Amino acid sequence: MDKKELIAQITCRCCSSFFHEPRLLPCLHTLCLDCVTRCSSRTTSTTTPTGVLPTFSVTCPVCHSQATVPPGGFAVDVWKSSQLDTLAPIIAGCGPQSPPPGTTATPPPECAECRAHDAPWWCASCSMFLCNDDMAHHSRAWRTASHKTDAVSPMSYKPALCYKHPQEELLFYCNTDHSLICRDCTLDDHKNHDFVVSIDLSSKFKENIGSLCSMLVSHLEKVSLSKLTAIGCCKNAEEVQEKVESEIRTEFAKIVAVVNAREAQLLSDLKAITDSAKKTFQENIEGCDNKMKVVQEAQEYTQLVTTKFTDLQLVAVNDTLSSRVKKLCTDVPTPNNLKVRFDCESAAICGKISSSLGRLVHNSAAAGTLITAKSTLMMKTLKRLDTSMVPSVTPRMAQRLFVDNATGKVYWDGGFNRPQLTEFANMASFVNNTNPRQFTLKDVPAFPEGPYQAVHNGHVYCTPLFTPTMTKVRVSDGSTVATAPLPNAGHSSSSAWDKCCYSDNCWYVDAGGVLYVVHAPPDNGNIHITRVDPDNLAILQTWVVPRVKKTTGFAFVVCGNFYFGKASNSREIDGVFDTTTGVYDDTYRNSLPTSGTFILLISWIPSTNQLLVVDCHPENFDNCYVFLFDDVAL
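Bear in mind the structure is a predicted one, so any value in this text is a computation, not a measurement.

What follows concerns the overall build of the protein. Secondary structure assignment for the protein yields 9 helices and 32 strands. Split into buried and exposed, the 634 residues of the protein put 36% on the buried side. Within the protein, contacts between residues separated by at least 24 positions form 45% of all contacts whose residues are at least 6 apart in sequence. As displayed, the protein offers around 36200 Å² of accessible surface, 56% of which is attributable to carbon and sulfur atoms.

Here is the structure:
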């Protein structure tokens, strides 16, 4: 073992100096006591019989894992302590702050007796290094003949000494505090504790550590296998990417071909229409030329009659000339301008195309993108919106808060049982109450039931109160454009969420503009998830989830996965249904880190990958809170 390796063994990776009172962290990394103090931060307080004590946690600078500091502090690292005591003198002057190791040879430590020779021996009883001659005298003298001595090498270390009683060796193990102690410690701080001679536990602990080593070997094999699997998955992901890219390009090439063909057809039709019109206009022009020639001839003849003809001649041609002139003056061609208009709702079509031209159904994604794998709820940023600027924001009003994924506009209602919405340009405009626009759902007799309605591509999707009728309303003028019955759907709170009245039929918009309505038959029916055509409200598919809606608190959908809440007054998520596979997982567990106590509304905003949550107090509906969670990963 060279000096560089020796230095690394006794150097703190936090302060880059030799260890000073080393402490072993739960992650098995060692820090100086001072470094532990610098890396610690106060987290909470713990109430004890003697009072309130602060709780501290430490973040390891090596692996970045966190650990709570126990009441007595972290245990002394006796291995590093013994290494430090033996190796530091040997490599003195070769620490990190000295010239690089190997530039000069460092002799062994000096003999503590003669101060003239190298000292290859260590006396543990006297705590001194000795040369060969003094070691011989040391062994023969009757006072020192029984001392414990060892030859100095990187693997022979001084015994671990107690920091509280520096002259005492750590010979005992306290089962009460799980720490090594010395003889004096057994007489004061650990007097009434359960302690044993540490060497008596050595064989037992060695056997236990041996089994732990076997566990680590087995786990290392699993990790290695997982790594190989991940490498294979990475390669497979590249192959999948190439394959799906080819599929996307092929399908979009077909779509582009159809669009281009339609463009060509429209241009061809336009040319045919204009060519026909121009031909007609050209015929009119030629007709006008001929007519002008005839009229000019008649005009010349009329002037001749009035200037040259005698009275008798004038009387003779009067009737013929009058009839001809009258006929010429009444038969005048009157062509009309060509009127052609291109009728195309490009904004609506583009919005529909952008949300319906396919979607990627997947179970994982790279860092920084949406993760739909059912693992851990991760929401990087929690924004509690300050709605103080919005007039009369009460829970019964703020609970109906929707975002149109296609346009980014925000909608909220104007009061309970009132079919009226207020439109804002975006979420910031809603928070600041900037340029609101109110409109009424003209054909809806009462406001749609419950908080779970949906707005998509300029239309409100809802179910009017006391009916199981699906309704589509245009937000531009509030007119109803489509209605359809919803089979197996209760109403009037017969199949609502557990504590959310009139929430029988709940609407959701998923990625790609996929529209769902969640409902259930009355009287404790199982949850039904129905996919609906956004254009005409036709039912496309229905799944039945094996859980009762009236004993479920809430639901929201992310990329085809419906997550269900345990109760309206609970933040716990206790189940997920995958519409891609039709499988319900009742073992999935998660929770929402919100501050209220009653979940009114949860909806996912695919365009910004945000989760909108509205919750409040469960009894008086005061203190309603609106939250936005960024970078959702479930």
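Another point: the packing of aromatic side chains. One pass over the full model with this rule turns up 12 aromatic pairs. Pairing Y301 with F309 gives two aromatic rings, centres 6.0 Å apart and planes at 85 degrees, and the pair type is edge-to-face. Its relative accessible area of 35% is what places Y301 among the partly exposed residues. A residue is classified by how much of its surface remains accessible, and F309, at 23% relative accessible area, is partly exposed. Between the aromatic rings of F564 and Y584, the centroid separation amounts to 6.4 Å while the plane-to-plane angle is 65 degrees, which identifies the pairing as edge-to-face. A residue pair is termed long-range when its members are at least 10 positions apart, and F564 in strand β26 (residues 561-565) and Y584 in strand β28 (residues 583-585) qualify at 20 residues.

What follows is about the sheet that holds strand β24 (residues 539-548). On the basis of which strands lie adjacent, the open sheet formed by 4 strands has the order β21-β22-β23-β24 and antiparallel pairing. The open sheet is flanked by β21 (506-509) and β24, the only strands paired with a single partner. When strand polarity is set aside, the average angle formed by the axes of neighbouring strands in this sheet is 20 degrees. One ladder, built from 7 bridges, connects strand β23 (residues 526-532) with β24; its direction is antiparallel. Bridge pairing in β24 places R531 opposite Q541.

In a regular helix each residue adds 1.5 Å, so 20 residues correspond to 28 Å; helix α6 (residues 311-330) covers 28 Å between its end C-alpha atoms and thus fits that length. Of all the bends in α6, the greatest measures close to 45 degrees and is centred on N318. If you check which residues of α6 are buried, you get V317, L321 and L328.

Attention now moves to the confidence of the model for the protein. When the pLDDT values of the protein are averaged, the result is 77; 77% of them are 70 or greater. Taken element by element, the protein is modelled with least confidence in helix α8 (residues 395-398), mean pLDDT 40, and with most confidence in β23, mean pLDDT 94. Predicted confidence for residues 93-107 stays below pLDDT 50, and this span has 22 contacts to residues more than four positions away or in other chains. Across residues 363-384, where pLDDT falls below 50, the model places 63 contacts with residues more than four positions away in sequence or in other chains.

This brings us to the packing of helix α5 (residues 198-308) against α6. Two measures define how a pair of helices packs: the angle their axes make with one another and the distance between the axes. Relative to each other, α5 and α6 sit at 155 degrees, their axes nearing to 11 Å. Of the possible angle classes, the one that applies to α5 and α6 is roughly antiparallel. Considering the relative orientation of α5 and α6, their crossing is left-handed. On α6, the residues that touch K291, V294, V295, A298, Y301, T302, V305 and K308 of α5 are Q313, L314, V317, L321, R324, V325 and L328. Classifying every residue of the contact of α5 with α6 gives 10 nonpolar, 2 polar and 3 charged.

A cluster of like negative charges, contributed by E238, E239, E242 and E245, occupies part of the molecular surface. Inspection of the secondary structure puts E242 in helix α5.

It is worth spelling out the sheet that holds strand β7 (residues 128-130) at this point. Sheet strands pair via backbone hydrogen bonds, and the direction of the pair is either parallel or antiparallel. Overall, antiparallel pairing links the 3 strands, which are arranged β7-β6-β8 in an open sheet. Edge positions in the open sheet fall to β7 and β8 (149-151), since each of these has one partner strand only. Between one strand and the next, the sheet's axes are offset by a mean angle of 30 degrees, whatever the strand orientation. As paired strands, strand β6 (residues 121-123) and β7 are joined by 3 bridges and run antiparallel to one another. Following the sheet pairing, C123 is matched in β7 by M128. Across the sheet, helix α4 (residues 132-140) lies against β6, β7 and β8, angled at about 110 degrees from β7, the strand it touches most.

It is worth spelling out the pairing of strand β22 (residues 515-519) at this point. With 5 of 5 residues buried, β22 lies mostly within the body of the structure. Burial of β22 is two-sided: the residues L515, V517 and H519 facing one way and the residues Y516 and V518 facing the other way are all buried. Here 4 bridges tie β21 to β22, and the two strands are oriented antiparallel to one another. Residue pairing across strands places V509 opposite L515, the latter belonging to β22. The antiparallel hairpin formed by β21 and β22 contains 5 residues in its connecting segment, where G512 sits at a positive phi of about 80 degrees. Of the strand pairs in this sheet, β22 and β23 are connected by 5 bridges, and their pairing is antiparallel. Paired with L515 across the bridge in β23 is V532. The turn linking β22 back onto β23 is made up of 6 residues, and D523 within it adopts a positive phi angle of 65 degrees.

Most of β26 sits out of view: 5 of its 5 residues are buried. Covered by surrounding structure in β26 are N561, Y563 and G565 together with F562 and F564, the residues of both alternating faces. Examined bridge by bridge, strand β25 (residues 554-558) and β26 share 5 bridges and lie antiparallel to one another. Paired with V558 across the bridge in β26 is N561. The antiparallel pairing of β25 with β26 creates a hairpin that spans 2 residues between the two strands, and C559 there sits at a positive phi of about 50 degrees. Direction of pairing for β26 relative to strand β27 (residues 572-578): antiparallel, over a ladder of 5 bridges. Bridge pairing links F564 to G575 in β27. Count of turn residues in the β26/β27 antiparallel hairpin: 6 residues.

Turning next to the side chain of T463. Looking at where T463 falls in the secondary structure, it is placed in the loop between β18 (459-462) and β19 (469-474). For T463, a relative accessible area of 1% translates into the label buried. Within polar-contact distance, the side chain of T463 engages the side chain of W507 at 3.2 Å.

Across all of its chains, the model carries 14 salt bridges by this definition. Across the pair R23 and E21 runs a salt bridge whose closest N-O atoms are separated by 3.8 Å. Taking the shortest distance from any N to any O, the salt bridge between R547 and D574 comes out at 3.1 Å. Taken together, the residues R547 in strand β24 and D574 in strand β27 connect sequence positions 27 residues apart. Accessibility classification places R547 together with D574 in one group, the buried group. Each member of the salt-bridge network shares a partner with another, and the members are E168, R183 and D184.

Cut-offs and rules
Residues numbered from 1 in each chain as written. Predicted model: local features only at pLDDT ≥ 70, side-chain atom pairs only at ≥ 80, totals over all residues. Heavy atoms only, no water. Helix = DSSP H or I, 4+ residues; strand = E, 2+ residues; numbered from the N terminus. Buried < 20%, exposed > 50% of the residue type's maximum accessible area, 1.4 Å probe, protein only. Contact = heavy atoms within 4.5 Å. Areas by Shrake-Rupley, 256 points an atom, 1.4 Å probe, with all protein chains shown as cover. Phe/Tyr/Trp six-rings, centres within 6.5 Å; stacked < 30°, edge-to-face > 60°. Pairing = 2+ DSSP bridges. Axes fitted to C-alpha atoms, helices over the stretch in contact; angles between N-to-C directions. Expected span 1.5 Å × (residues − 1). Bend = angle between axes of the 7 residues up to and from the residue. pLDDT = per-residue confidence, 0-100. Parallel < 35°, antiparallel > 145°, perpendicular 65-115°, else oblique. Left-handed = near helix turned anticlockwise from the far one by under 90°. Nonpolar A, V, L, I, M, F, W, Y, C, P; charged D, E, K, R; others polar. Patch = residues over 30% accessible without salt bridge, like charges linked within 9 Å, V, L, I, M, F, W, Y side chains within 5 Å. Salt bridge = Lys/Arg side-chain N within 4 Å of Asp/Glu carboxyl O. Lys, Arg positive; Asp, Glu negative; His and termini not counted. Charge placed at Lys NZ, Arg CZ, Asp CG, Glu CD. Polar contact = N/O pair within 3.5 Å; in protein donor to acceptor, adjacent residues only side chain to side chain.

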